[in-house]
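# Geometric and topological summary
Residue-level listing of the chains:
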Protein chains: 2
Amino acid sequence: MKRPAVILVRPQMGENIGAVARAMSNFGLSELRLAAPRDGWPNPKALEMAAGAENIINSAQVFPDFTAAAADLQLLYATTARPRDMEKKVLPPQAAMQSLAAETKAGMRAGIVFGPERSGLENEEIIRCDTLITIATAPENWSLNIAQSAVIIGYEWFRSQQDEKAVARDFPDIAPKEEWDGMFSQLENYLDECEYFRVEHKKPIMWQNLRNMLQRSAMSGQELRTFRGMLRSLWEKNSPKT
Amino acid sequence: MKRPAVILVRPQMGENIGAVARAMSNFGLSELRLAAPRDGWPNPKALEMAAGAENIINSAQVFPDFTAAAADLQLLYATTARPRDMEKKVLPPQAAMQSLAAETKAGMRAGIVFGPERSGLENEEIIRCDTLITIATAPENWSLNIAQSAVIIGYEWFRSQQDEKAVARDFPDIAPKEEWDGMFSQLENYLDECEYFRVEHKKPIMWQNLRNMLQRSAMSGQELRTFRGMLRSLWEKNSPKT
C-alpha cells in the first residue's frame, strides 16, 4: 500500500510547513511535496517547527507548481474552507480519510492538498482535485489555519488505518493527472477551433464545468486513450483519412 | 445545556494558551479556565495567537491551582500522552466527546483538562479526573503539543454536537436514463458515421466500455445537455454554421 502524499501549494510561512510535517509524522504520513514555496527551499523555520519530523522536511520534494507536484498522482483530495460552487464531491474529514484509505489500499496513488495560507487554492487548482474536504466549524470562528487542518486530517487518516473495515473495493485504476492534462488540452484545442465557447468571457466557467464533469468518470489510462481516440474520430471525420 | 469548560493546568507559553482558545472558538467551546499560568495573566502573547478568539482570552478566569479551577465541576476529562498505570477509564477522543456530549446534555457540569506543556499532569491531578483521553499516534512520533491536542478534542466535541445529517455529501442530480439514452444514441450515430469502430465485430465491446466510462461521470440533465452540445460542436466543425 502506498500512503498518500501531502502537497502544500505555494505555502507561505516556513513555520507552517514545519507544523504540517510534524502532524504528518504524528499520524503516519511521510511524503511531503512543496509546490512553489514562497520563501524558497530549504527553509530553516520549517525545520525548527518540525519536532520529530526532521526527516520529512529533509526529504521533501519541491516542484515549480501544483500541476508538476501532482503529475503522477491518480486522486487528489483538497481541503477547502470556503464553499465552492462546483460539482465536486465534498466530504467531512472522517469520510474522506476512510475513502482514501480504501483507495490507497487498492493501490491508488493519491495526494492530500493544502492551499496557501491566506488565499487558499485557486479555482483552477480545485478543478484538478477529485474530492473536497470540508472541516465543519462553529459559525463564530470558521477560520482554521493550515497546521490545525493538517492535524485533523492526519488524525482521521491514522484512525482510518486502525479500522479493519477499510476493505479494498474495486476501483478503476485512475489515470495520473498528467494524462488527464493531455486529454484536456487536446479537447480544448478542438473546442477552441470549432468555436464551441462562442462568447470568450463565458469560456472559463463552461470549460470548468466540462472538466469537472469528465473528471468524475475516473477514467483509467486505457479509457483516457479510448476517449481521446473517440474525440479524434469525431474531429477528423471530414478530414482525409491517413 | 452547559458546554464543558476547558482547564489549562500550569500552562507555560502564552502562545499555547492563545492557540487553545482559537481551537475552542473554532469548535464551539467558550469557557477557558487557567490554573496558575506560569507567566501570569493577562498575557499579550495569548491574545496574539487567538485569531478570532479574543473574547475567550479576555473572559478567561484565573485560579491559584487545579483544585480551585475544577471546584464546581462534576466531571473531568483529562488528555494524557503517557499511559498511566491507574484504574481509570481511558477513551479515544471520539468516544470521550460522545460520552461528554451525553453527560452535558443531561445537565452535568464538566471540564476538559490539559496539563503543562513539558511535564503533563501530576498523578495527584490525574486522580481528580474521571476519564482519560488518549490520542493514538504513529509510534515514530507520539508527541502532540497542547495546541494540536486541543484541535483534535475540539473537532470531536463539535462533531458530537452535530446531527448525523451534517455529513455534507454533494452529489449532482443524476440525469434520468432516458436522457442518457438520448446522448448515447447521438454519440453512436456520430461514431458510426465516422467509422470509429472500424471492425464491426469489435463494436459491441468498445461501445459498452465507452458507455460505462461516460456513465460513471454521473452527469446531471444540464451537464448531459452541455456534453451533447460539445459533441455536436466537434461533429459539425466542418459543416456550414446554421
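Residues numbered from 1 in each chain as written. Chains lettered and ligands numbered in written order. Predicted model: local features only at pLDDT ≥ 70, side-chain atom pairs only at ≥ 80, totals over all residues. Heavy atoms only, no water.

## Things to note about the overall build of chain A
Threshold: A run of DSSP states H or I qualifies as a helix once it reaches four residues; a run of E qualifies as a strand once it reaches two. Both are numbered from the N-terminal end. All radius of gyration figures rest on C-alpha atoms, and the globule criterion is 2.2 Å times the number of residues raised to 0.38. Note on classification: 1.4 Å probe, protein chains only; a residue is buried when its accessible area is under 20% of the maximum for its type, exposed when over 50%, partly exposed between these limits.
Per the secondary structure count, chain A includes 10 helices and 7 strands. Relative to the 2.2 N^0.38 estimate, which gives 18 Å for 242 residues, the radius of gyration of chain A is 19 Å and therefore close to what a compact globule would have. Its C-alpha atoms give chain A principal-axis dimensions of about 65 × 40 × 35 Å. In chain A, which comprises 242 residues, the share counted as buried stands at 58%.

## A short note on the pattern of salt bridges
Residue and element names in this part refer to chain B. To be explicit about the condition: Each reported salt bridge corresponds to a side-chain nitrogen of Lys or Arg within 4 Å of a carboxyl oxygen of Asp or Glu.
Scanning the entire structure with this criterion turns up 24 salt bridges over all chains. A salt bridge links Glu 125 to Arg 10; the nearest nitrogen and oxygen atoms lie 2.5 Å apart. Here Glu 125, found in helix 6 (residues 123-128), pairs with Arg 10, found in the loop between strand 1 (5-9) and helix 1 (14-26); they are 115 residues apart in sequence, far enough to count as distant. You can call Glu 125 buried: its relative accessible area is 10%. Using a relative accessible area of 28% as the deciding quantity, one classes Arg 10 as partly exposed. When the shortest N-O distance is used, the salt bridge between Glu 156 and Arg 159 registers 3.2 Å.

## Let's talk about unusual backbone geometry
Residue and element names in this part refer to chain A. The peptide bond linking Trp 41 to Pro 42 adopts the cis configuration, its omega dihedral lying at 0 degrees. Looking at the element boundaries, Pro 42 is found in the loop between strand 2 (32-35) and helix 2 (44-49). The backbone phi angle of Arg 10 is positive, close to 45 degrees, even though this residue is not glycine. Here the phi dihedral of Ala 36 falls at roughly 50 degrees; this positive angle occurs in a residue that is not glycine. Following the sequence through the fold, Ala 36 ends up in the loop between strand 2 and helix 2. Exposure remark for Ala 36: the relative accessible area of 30% places this residue in the partly exposed category.

## Looking at the confidence of the model for chain A
Residues shown with low pLDDT carry predicted positions that ought not to be read at fine detail. Our working rule: Values of pLDDT, which run from 0 to 100, indicate the predictor's confidence residue by residue.
The predicted model of chain A averages 90 in pLDDT, with 92% of residues at 70 or higher. Interface confidence for the predicted complex, given as ipTM, is 0.79, next to a pTM of 0.82.

## Some words on the interface of chain B and chain A
Many analyses report the size of an interface as the accessible area lost when the parts associate. Defined as follows: The contact criterion used is simple: two residues touch if any of their non-hydrogen atoms lie within 4.5 Å. For any pair of parts, buried area is found by adding up, for both, the accessible area (1.4 Å probe) each one loses once the two are put together.
Taken together, the contacts link 61 residues of chain B with 61 residues of chain A. Of the roughly 5,200 Å² buried at the junction of chain B and chain A (both faces included), carbon and sulfur atoms supply 60%. Of all residues in chain B, the largest losses of buried area upon contact with chain A belong to Tyr 155, Arg 216 and Leu 234 of chain B, amounting jointly to 12% of the total for that side. Here chain B is connected to chain A by 3 salt bridges. We note a salt bridge from Glu 223 of chain B to Arg 216 of chain A, for which the minimum N-O separation is 2.8 Å.

## A word on the nonpolar core
Our working rule: As used in this record, nonpolar core signifies buried Ala, Val, Leu, Ile, Met, Phe, Trp, Tyr and Cys residues forming a set joined through side-chain atoms within 4.5 Å.
If you look at the biggest cluster of nonpolar residues, it comprises 123 residues, and the most contacted ones within it are Leu 32 of chain A together with Leu 32 of chain B. Not counting the four nearest positions on each side in its chain, Leu 32 of chain A is found in contact with Val 6, Leu 8, Ile 17, Ala 21, Met 24, Ile 56, Ile 57, Ala 60 and Gln 61 of chain A.

## Observations concerning helix 8 (residues 177-193) of chain A
Residues and elements named next belong to chain A. Just so we agree on the cut-off: A helix's residues, less one, multiplied by 1.5 Å, set its expected span.
Under the 1.5 Å per step criterion, the end-to-end length of helix 8 is 24 Å for 17 residues, consistent within 8% with the ideal 24 Å. Regarding helix 8, the residues found buried are Lys 177, Trp 180, Gly 182, Met 183, Phe 184, Gln 186, Leu 187, Tyr 190 and Leu 191. Glu 195 occupies a position one or two residues after helix 8 and carries a positive phi of about 55 degrees.

## Some points on helix 7 (residues 146-161) of chain B
Every α-helix winds through 3.6 residues per turn, so residues three or four apart in the chain are directed the same way. Under the 1.5 Å per step criterion, the end-to-end length of helix 7 of chain B is 22 Å for 16 residues, consistent within 8% with the ideal 22 Å. Burial within helix 7 of chain B is extensive, with 13 of its 16 residues counted as buried.

## Topic: the domain arrangement of chain A
Residues and elements named next belong to chain A. Heads up, the rule is: As annotated, the domain borders come from an automatic or database domain assignment. As used in this structure description, the phrase polar contact means that two N or O atoms lie within 3.5 Å; if the pair is within protein, one of them must be able to donate a hydrogen and the other to accept it, and residues adjacent in sequence are counted only when both atoms belong to side chains. Just so you know the grouping, Ala, Val, Leu, Ile, Met, Phe, Trp, Tyr, Cys and Pro go in nonpolar, Asp, Glu, Lys and Arg go in charged, and all remaining residues, Gly too, go in polar.
Parsing chain A into structural domains produces domain 1 (5-162) and domain 2 (177-236). Taking only C-alpha atoms into account, the centre of domain 1 sits 27 Å from that of domain 2. Each side of the interface is counted separately: domain 1 has 16 residues, and domain 2 has 8 residues. Surface buried jointly by domain 1 and domain 2 totals about 1,000 Å² across both partners, of which 36% is contributed by carbon and sulfur atoms. If you look at where domain 1 meets domain 2, you find 10 residue pairs in polar contact (both at pLDDT 80 or more). The biggest single contributor to the side of domain 1 that touches domain 2 is helix 6 (residues 123-128), with 4 residues. A breakdown of the residues in the side of domain 1 that touches domain 2 according to their chemical character gives 7 nonpolar, 3 polar and 6 charged.

## Considering the sheet that holds strand 7 (residues 131-133) of chain A
Residue and element names in this part refer to chain A. Put simply, the rule is: Pairing between two strands is assigned when DSSP locates at least 2 bridges connecting them. Fitted lines through C-alpha atoms serve as axes, helices being fitted only where they are in contact, and the angles separating the N-to-C directions of these axes extend from 0 to 180 degrees.
With respect to topology, 7 strands assemble into an open sheet ordered 3-2-1-6-4-7-5, the strand pairing being parallel. The outermost strands of the open sheet, each flanked by one partner alone, are strand 3 (61-63) and strand 5 (89-91). The mean inter-strand angle of the sheet, taken between neighbouring strand axes irrespective of direction, is 25 degrees. Each of strand 4 (75-79), strand 5, strand 6 (110-114) and strand 7 touches helix 5 (residues 93-105); the most contacted strand, strand 4, lies at about 165 degrees to it.

## Focus on the sheet that holds strand 3 (residues 61-63) of chain B
Residues and elements named next belong to chain B. A sheet is described by the order of its strands in space; here 7 strands give the open sequence 3-2-1-6-4-7-5, paired in parallel fashion. The open sheet has two free edges, formed respectively by strand 3 and strand 5 (89-91), since each of these has just one partner strand. Across the sheet, the mean angle from the axis of one strand to that of its neighbour is 25 degrees, orientation sign disregarded. Where strand 1 and strand 6 (residues 110-114) come together, 4 bridges link them in parallel fashion. Counted as the bridge partner of Val 6 is Ile 112 from strand 6.

## A word on the side chain of Ser 99 of chain B
Considering the arrangement of structural elements, one finds Ser 99 of chain B in helix 5 (residues 93-105). Separated by 2.7 Å, the side chains of Ser 99 of chain B and Tyr 77 of chain B make a polar contact.

## Digging into the environment of Asp 130 of chain A
All names here are of chain A. Relative to the helices and strands, Asp 130 resides in the loop between helix 6 and strand 7. Remark: the alpha-carbon pair of Asp 130 and Ala 68, spanning 62 residues in sequence, is separated by 17 Å. For Asp 130, the residues in contact, after removing those within four places along its chain, are Gln 74, Leu 75, Leu 76, Lys 88, Lys 89, Lys 177 and Gln 215. Within the structure, Asp 130 has its side chain in polar contact with the backbone nitrogen of Leu 76 (distance 2.8 Å). In this structure the side chain of Asp 130 is engaged in a polar contact, spanning 2.9 Å, whose partner is the side chain of Lys 177.

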